[in-house]
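Next come the chains, spelled out residue by residue.
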Amino acid sequence: MKRQVPLVLCFVFGIAMIFTQFSPHTFSQGIHNEVTNWTHIITPFALVLAVATLIQTHWVRIRRRTTHWQYSIVVFAGLITMVAFGIRSGPKNRVFEWLYENVQVPMDATVFSLLAFFIASAAYRAFRARTFEATLLLISALIVMMGNVPIGDFLWNTVMAWTPWDNATSNASQWILDNPNLSSRRGVILGVSLGAISQSIRIILGIERSYLGGGD
Amino acid sequence: MFEKLMRIDRRIIFIFVGLAVIVPTLFPSNLPINVPEPTRQLYDYIDALPTGATIIIAFDYGPSSFAEPQPMAEAVMKHCFDKKVRVIGINLFAETTTLADKLMQKVAKEKGAVDGEDYVFLGYRPGALQVIIGMGTEIASIFDSDYAGNPLAEIPMMENITNYEQISLLLDLAASSTVEAWITYANTKYGLQIGAGVTGVIVSQMYPYLQTGQLVGLMPGFLGAAGYEKLIETSAEGTAGINTESFVHLLIVGLVVLGNIAFFIQQRREE
Amino acid sequence: MTLNSRMQLILACFVFCLCAGVAFAQGLAPPTNVTAKDTPNDDGKSITLTWDAAAEDSGGITNYKILRGTTPETLEEIGDTKTTTTTTYVDSSVETGTDYVYLVRAVGETGETADSVPTAPVQATGQWFHTGKIPLFCAMLLFCAAIVGNIYYAQSGKEIFVRRIPGLEAVDEAIGRATEMGRSILYVLGMGAVDDVATIASMTILGQVARRTADYETPLRVPCRDPIVLNVVREMVKTAYLNEGRPDAYNEDNIFFLTQDQFAYAAGVDGMMIREKPAAIFLQGTFFAESLILAETGNSIGAIQIAGTDAEHQLPFLIAACDYTLIGEELYAASAYLSREPRLLGSLRGQDWGKLVIFVALVMGILLEPFGINWITALLQRVN
């Protein structure tokens, strides 16, 4: 019974939601909107559970003085400060805004900017002309990298000024993006989409049940 | 030596990348910018809008990725205010609200645009898909007031705006998959025209939609922002950003070439 | 002819000349063939009005106005003025089931107007089935039938071939390595929520990984980004440990909520990698810009990394930094591949049939299009 009820719910709502995609009638669209609303109502309740587990996890770490338990104090400090100012006066509160602009924005931006460093190290390691295919990949990567910044065309137009092709780097880069990139991407998207549909059918029909908590 | 060069410590690469960012930032260059064709298409579309038309700008990026989309937003808003095209600002992620609000106010002040008449910032509402779908039926059903708390019915520029039918374009400034969501739900379902400005990481993801015409135009990363700045005859953060980015790209290309030279010499020796 | 009748004649001539003069000066032709119809395939909230384009000699029409009423006597202007090139108008401000009459008014340069004949009353009604989506509906039914048919085929005991997927073959190797080294396994479910198919696929792989870690007593750490995913995953892993007869080895504290913020999550997971140095890292699910931040940090600590994502734009990053990468649909095939259950394998075969049909349709479309045969292209057109 514990497993049959969710399976039945999944089947009924899954089939209903599929049919709402084919029926423009107000009634079916109403069902679609209602079900979507429910999913949004469930999320905040789950968030409460999540915050509870966050507090529990870090509280246990502090209490047991596990390795790096000091970081857990930082978690509580951040959580309490932002909640205190946010709840009391909303996001327009001066302290909240200051914390947002001077703590959250720069910290988030810092982590994102790590990407530039990691792309450089990953590119250095991965782009080796080991095989014919890898060489093709390497050449197209170099063209796109240079074509996507003005220095590519600047260098080409300066050094290769004798050739009849102006802005050849950006044109070649655009060609790569529009043709080989686009067609291969479409192939992957088609496969992914069919895989997603197939997975969805398995879930709706109750063949795939792992999301119910493992086992069969 | 070549073995060492092939397995160079990543921290050395990080130092070079850091220098490639810091030096051009301190000593800016002025490289000639070629406007990408999708950016020109977006510019042309907005430029052709009649006076009094309304567009929505969705600030769908986070504080982490604001560096690229923010100059795009600035350039497009300047263009709109010059053309007397009205702008509605919204965001699907809560953490962008303050950034977007301040940016709109800054550009409006610079261009003399009036809040409530030339632009309005509606802010954030939870449930991204609900927001996109709900606005297609009635904007007021999702946003009953603007971010400052003024009821929508009392905002002059919202007087004749009910849903997407009165909106000429939605420009999604994104760092994740929100462009697809706008295309799937607002373009396919309601026929709303969509334009996009995205971070460099997800640019290639946009090309299928450009080719099918589901996107009227695209600003790809810093290059798109710089291109749009060039089209409106200004030079701001987008131009500065792409000039700096140029040197990082050049460094990476140099490193890859160096790595491959070392690889080939190493292989020859082993043979 | 009496004076009175002469006066009448002069007056009549004057009126005629005036009318003729005005008509000549205006020359406005009223819009013709104005028809109002219930918009097909909608929710009953709109009526579509069409009329013929103004002829070039129609006398200087500058724009059109639309008038609407419930009877010809109650007509009122609605919507904005329409340009001369416009020949359709969709009125979305109607009430379902109410009769409406429309009239199109041509407006000249000096404000003179010419009205069309009012249309017959029309009602907006909602449709239960979108006829434009019939091809899509048939394709969906056929695809479902292919999957269900192949499931029966697989259940009948017939063997189904599944090509080797190195990323999934390496699962045991990764777990074994972590066990030998006495280190933990880190499992990252990506950025998706529980309604994301990739997240569900990832949870399925996690279930299989959990079964094996239960046997080997290898610590399995799962930092979650979505609160619902957290609760489902806890239940899943717990069941996996129970099924393997090792409930004592299950530690709920190893599956925890980190944060919903994308880059704070990436920073948190990176911190775990640096501090705990897991021997094996699984990055399975939907990823965005944080993919390389996670994968490169994993690479820097020397962990064996198995990635898998349906976010094709992140594949280059994962391929560059991970040991194995499940590309796109391979992620969805994982549950069938790892469990070898006939029902799941059957659905994989059905999926391939669908791919074959699309492939044939694409090739046929490309071959026939140059000859002007475009029914395949028309069939696959986007439907609003």
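From a predicted model like this one, the values you see are computed outputs, not experimental measurements.

Draft legend 1. Summary view of the overall build of chain A. Looking only at helices and strands, one finds 7 helices and 0 strands in chain A. Counted from the first residue to the last, chain A has its helices and strands arranged as α-α-α-α-α-α-α. Across its three principal axes, chain A shows a C-alpha extent of roughly 75 × 50 × 40 Å. Counting over 216 residues, chain A shows a buried share of 39%. Within chain A, contacts between residues at least 6 apart in sequence are counted, and of these 34% link residues at least 24 apart. Side-chain charges in chain A split into 16 positive and 10 negative, and the spacing between the mean points of these groups amounts to 17 Å.

Draft legend 2. Summary view of the domain arrangement of chain A. All names here are of chain A. Domain parsing of chain A yields domain 1 (1-68) and domain 2 (127-216). Look at where the C-alpha atoms of domain 1 and domain 2 centre, and you get two points 34 Å apart. In this assembly, 8 residues from domain 1 lie in contact with 10 residues from domain 2. For the pair domain 1 and domain 2, the summed buried area comes to about 720 Å², and 69% of that belongs to carbon and sulfur atoms. Its largest share of buried area at the contact with domain 2, domain 1 owes to Arg3, Leu7 and Cys10, together 69% of the area lost on that side. For the pair domain 1 and domain 2, the number of links is 0 salt bridges. Each residue belonging to the side of domain 1 that touches domain 2 can be placed in one class, and the counts come to 6 nonpolar, 1 polar and 1 charged.

Draft legend 3. Spotlight on the interface of chain B and chain C. Taken residue by residue, the interface counts 12 residues in chain B and 16 residues in chain C. A per-residue breakdown of the area chain B buries against chain C is headed by Arg10(B), Thr188(B) and Val201(B), which together make up 40% of the total. For the interface between chain B and chain C, the tally reads 1 salt bridge. The salt bridge partner of Arg10(B) is Glu296(C), with a shortest N-O separation of 2.9 Å. Counting across the chain B and chain C interface gives 4 residue pairs in polar contact (both at pLDDT 80 or more).

Draft legend 4. Up close: the interface of chain C and chain A. Every contact between the two is made by 73 residues of chain C and, on the other side, 63 residues of chain A. Note on chain C versus chain A: buried area summed over both sides is about 5,600 Å², and carbon and sulfur give 67% of it. At the boundary of chain C and chain A, one finds 2 salt bridges. Applying the counting criterion to the chain C and chain A interface returns 12 residue pairs in polar contact (both at pLDDT 80 or more). Ranked by the residues each element gives to the side of chain C that touches chain A, the list is headed by helix H5 (residues 227-243) of chain C, at 10 residues. Here the side of chain C that touches chain A is composed, by residue class, of 38 nonpolar, 17 polar and 18 charged.

Draft legend 5. Main features of the sheet that holds strand E2 (residues 47-50) of chain C. Residue and element names in this part refer to chain C. Strand order in this open sheet of 3 strands is E1-E2-E5, and the pairing throughout is antiparallel. This sheet does not close on itself; its edge strands, each paired only once, are strand E1 (35-38) and strand E5 (88-91). Each strand axis lies, on average, 20 degrees off the axis of its neighbour in the sheet, ignoring direction. Examined bridge by bridge, E2 and E5 share 4 bridges and lie antiparallel to one another. Directly across from Leu49, in E5, lies its bridge partner Tyr89.

Draft legend 6. Seen up close, the pairing of strand E5 (residues 194-198) of chain B. All names here are of chain B. Counting buried residues in E5 gives 5 out of 5 residues, a clear majority hidden from the surface. Burial of the side chains of E5 extends over both faces: Ile194, Ala196 and Val198 are buried on one face and Gly195 and Gly197 on the other. Two elements, strand E4 (residues 169-174) and E5, share 5 bridges in a ladder whose sense is parallel. Considered in E5, the bridge of Leu171 is made with Gly195. The parallel pair E4 and E5 is bridged by helix H8 (residues 178-190), and the resulting crossover is right-handed. Bridge count between E5 and strand E6 (residues 218-220): 3 bridges; the pairing is parallel. Bridging from a neighbouring strand, Val198 pairs with Pro220 of E6.

Draft legend 7. Representation of the sheet that holds strand E3 (residues 119-124) of chain B within the structure. Residue and element names in this part refer to chain B. Taken together, the 6 strands give an open sheet; going across it, the order is E3-E2-E1-E4-E5-E6, and neighbouring strands pair in parallel fashion. The open sheet is flanked by E3 and E6, the only strands paired with a single partner. Adjacent strand axes in the sheet meet at a mean angle of 15 degrees, parallel and antiparallel pairs treated alike. Running over the sheet, helix H4 (residues 69-83) touches strand E1 (54-60), strand E2 (86-91), E3, E4, E5 and E6 and is turned about 170 degrees from E1.

Draft legend 8. Broad picture of the packing of helix H7 (residues 168-204) of chain A against helix H2 (residues 134-155) of chain C. It is at 11 Å that the axes of H7(A) and H2(C) come closest, and there the two elements cross at 65 degrees. In the crossing of H7(A) with H2(C), the sense of the turn from one axis to the other is right-handed. Every residue of H2(C) that contacts H7(A) at Leu194(A), Ile197(A), Ser198(A) and Ile201(A) is listed here: Phe143(C), Cys144(C) and Ile147(C). Of the residues that constitute the contact of H7(A) with H2(C), the class distribution is 6 nonpolar, 1 polar and no charged.

Draft legend 9. Representation of the environment of Leu326(C) within the structure. Residues and elements named next belong to chain C. Inspection of the secondary structure assignment puts Leu326 in strand E13 (residues 324-327). Remark: the alpha-carbon pair of Leu326 and Pro278, spanning 48 residues in sequence, is separated by 20 Å. The residues touching Leu326, leaving out its near neighbours within four places in the chain, are Ile165, Gly167, Leu168, Ile205, Gln284, Ala307, Gly308, Thr309, Leu315 and Leu331.

Draft legend 10. Quick peek at the pattern of salt bridges. Residues and elements named next belong to chain B. Considering all chains together, one arrives at 24 salt bridges over all chains under this definition. A salt bridge links Glu74 to Lys78; its shortest N-O distance comes to 3.8 Å. You can see Glu74 and its partner Lys78 sitting in helix H4, 4 residues apart, about one turn around the helix. The burial state of Glu74 is the same as that of Lys78; both residues are buried. Measuring nitrogen to oxygen at the nearest pair gives 3.5 Å for the salt bridge that ties Lys78 to Glu110.

Draft legend 11. Fine view of unusual backbone geometry. Unusually for a residue other than glycine, His68(A) sits at a positive phi of about 55 degrees. If you trace the backbone, His68(A) turns up in the loop between helix H2 (26-64) and helix H3 (70-89). Despite not being glycine, Glu217(C) shows a phi value in the positive range, around 60 degrees. For Glu217(C), the position within the fold is in the loop between helix H4 (197-216) and strand E9 (220-224).

Draft legend 12. Broad picture of H3(A). Residue and element names in this part refer to chain A. For H3, which comprises 20 residues, the first-to-last C-alpha distance of 30 Å matches the rise-based estimate of 28 Å (1.5 Å per residue) to within 8%. Buried residues along H3 sit in contact with H2 and helix H4 (94-126). Just downstream of H3, Gly90 is the residue with a positive phi angle, here 75 degrees.

Draft legend 13. Structural context of the packing of aromatic side chains. All names here are of chain A. Under the counting rule described, the total for this entry stands at 19 aromatic pairs over all chains. Relative to Trp38, the ring of Phe13 has its centre 5.9 Å away and its plane inclined at 70 degrees; by these criteria the two rings are edge-to-face. Pair noted here: Phe13 is in helix H1 (residues 4-20) and Trp38 is in helix H2, with a separation of 25 residues, a long-range link. Judged by its relative accessible area of 31%, Phe13 is partly exposed.

Draft legend 14. Just the environment of Tyr43(B), in detail. Residues and elements named next belong to chain B. Locating Tyr43 in the fold gives a position in helix H3 (residues 37-47). Under the relative-accessibility criterion, Tyr43 is labelled buried at 16%. In this structure, the C-alpha to C-alpha distance between Tyr43 and Tyr228, residues 185 residues apart in sequence, is 7.0 Å. Once you skip the residues sitting within four places of it in the chain, Tyr43 turns out to touch His79, Tyr228, Leu231 and Ile232.

Criteria and cut-off values
Residues numbered from 1 in each chain as written. Chains lettered and ligands numbered in written order. Predicted model: local features only at pLDDT ≥ 70, side-chain atom pairs only at ≥ 80, totals over all residues. Heavy atoms only, no water. Helix = DSSP H or I, 4+ residues; strand = E, 2+ residues; numbered from the N terminus. Buried < 20%, exposed > 50% of the residue type's maximum accessible area, 1.4 Å probe, protein only. Contact = heavy atoms within 4.5 Å. Lys, Arg positive; Asp, Glu negative; His and termini not counted. Charge placed at Lys NZ, Arg CZ, Asp CG, Glu CD. Domains from an automatic or database assignment. Buried area = accessible area lost by both parts, 1.4 Å probe. Salt bridge = Lys/Arg side-chain N within 4 Å of Asp/Glu carboxyl O. Nonpolar A, V, L, I, M, F, W, Y, C, P; charged D, E, K, R; others polar. Polar contact = N/O pair within 3.5 Å; in protein donor to acceptor, adjacent residues only side chain to side chain. Pairing = 2+ DSSP bridges. Axes fitted to C-alpha atoms, helices over the stretch in contact; angles between N-to-C directions. Right-handed = clockwise from strand over helix to strand, strands pointing away. Left-handed = near helix turned anticlockwise from the far one by under 90°. Expected span 1.5 Å × (residues − 1). Phe/Tyr/Trp six-rings, centres within 6.5 Å; stacked < 30°, edge-to-face > 60°.

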